[in-house]
Structure formats: C-alpha cells, structure tokens
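Structure at a glance
Residues per chain are reported as follows:
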Amino acid sequence: MDKNMLADLESLPEEDKVRMSTMIEQLQLRDSLRMYNALVERCFTDCVDTFQRKSLTKQEETCVRRCAEKFLKHSMRVGMRFAELNQGAATMD
C-alpha cells in the first residue's frame, strides 16, 4: 500500500475503519481457504491411488507430505517475490 492510500485510510471515520478491517479479514480468510482447498485437491489427486484401505499407505502418506511441503514453500516464495515487487513499485512513486 502506498503512503497516499494509508493516509486516506487514516482519515476515515472509525466506523469505516472497522468496516474496512472486517472486509480485509474476510478476504484474507477466503484466500487462505482457497489455498488450503487447492493444496488438498492437488495433493490428493497426485498421491492417492486406491481406496482399498481406510487409511493412507506409507507411500501415499509420504507423497502427501512432500506435496504439501512443496506447495507451501512455493506459496511462501511467490508471496515474498510479490512483496519484493510491490516494495520496488512503492519506492518508485
């Protein structure tokens, strides 16, 4: 967020600040749930082959763990890169 936007938010009445804060929290929760759902769907599709047992096989469990780790590391790296680009754009203003 650039400095002008922060200044605009600070000038809002308290009721509007609360409303904006609630909206931001809802958007963050929605994004977190989307990421979680994408992770589950991707790793389940890639790793679970059969439904012969009630629990995962050792191989499936290992695959799911690795898949989840890769997904989360990738997501963190993308987030860091986005923050770097956003920071660079903010300093150019």
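Conventions we followed
- Residues numbered from 1 in each chain as written.
- Predicted model: local features only at pLDDT ≥ 70, side-chain atom pairs only at ≥ 80, totals over all residues.
- Heavy atoms only, no water.
- UniProt positions renumbered as here; feature names shortened; annotations may be inferred.
- Salt bridge = Lys/Arg side-chain N within 4 Å of Asp/Glu carboxyl O.
- Helix = DSSP H or I, 4+ residues; strand = E, 2+ residues; numbered from the N terminus.
- Buried < 20%, exposed > 50% of the residue type's maximum accessible area, 1.4 Å probe, protein only.
- Disulfide = S-S within 2.5 Å.
- Core = buried A, V, L, I, M, F, W, Y, C linked by side-chain atoms within 4.5 Å.
- Contact = heavy atoms within 4.5 Å.

The protein chain has the name Mitochondrial import inner membrane translocase subunit in an unreviewed UniProt entry, where Morella rubra is given as its organism. The UniProt entry for the protein chain carries this comment under Subunit (unreviewed entry): "Heterohexamer."

Moving on, we get to the pattern of salt bridges. A complete count under the given rule lists seven salt bridges for this structure. Put simply, D16 and R19 hold a salt bridge, and the shortest N to O gap is 3.1 Å. Here R19 and D16 lie together in helix α2 (residues 14-47), a separation of three residues that amounts to about one turn. Residue class for D16 comes out partly exposed when judged on its relative accessible area of 24%. Of the charged contacts, one joins D46 and R42 as a salt bridge, the two residues approaching to 3.2 Å between their closest N and O atoms. You can see D46 and its partner R42 sitting in helix α2, four residues apart, about one turn around the helix. Given the relative accessible area of 45%, D46 is considered partly exposed. One continuous salt-bridge network, built from bridges that share partners, spans E15, D16 and R19.

It is worth spelling out the state of the cysteines at this point. Throughout the structure, instances matching the rule amount to two disulfides. Each sulfur in the disulfide pair C43 and C67 lies 2.0 Å from the other. One quick way to see it: the torsion about the S-S bond of C43 and C67 is about -90 degrees, and its sign makes the bridge left-handed. Separated by 24 residues along the polypeptide, C43 in helix α2 and C67 in helix α3 (residues 58-92) bring together distant segments of the chain. C67 gets classed as buried once you look at its relative accessible area, which sits at 15%. With a sulfur-sulfur separation of 2.1 Å, C47 is cross-linked through a disulfide to C63. The sign of the -65 degrees torsion about the S-S bond sets the C47-C63 disulfide as left-handed. A residue pair is termed long-range when its members are at least 10 positions apart, and C47 in helix α2 and C63 in helix α3 qualify at 16 residues. Of the residues examined, C47 reaches a relative accessible area of 3% and is grouped as buried. Overall, the relative accessible area of 27% leaves C63 in the partly exposed class. Sequence-ordered numbering of the bonded cysteines in the protein chain yields a pairing of 1-4, 2-3.

Grouped together as the largest cluster of nonpolar side chains are six residues: L39, C43, C47, C67, A68 and F71. Elements with a contribution of two residues or more to this core: α2 and α3. Those residues in contact with C47 that lie beyond four places of it in its chain are E60, C63, V64 and C67.

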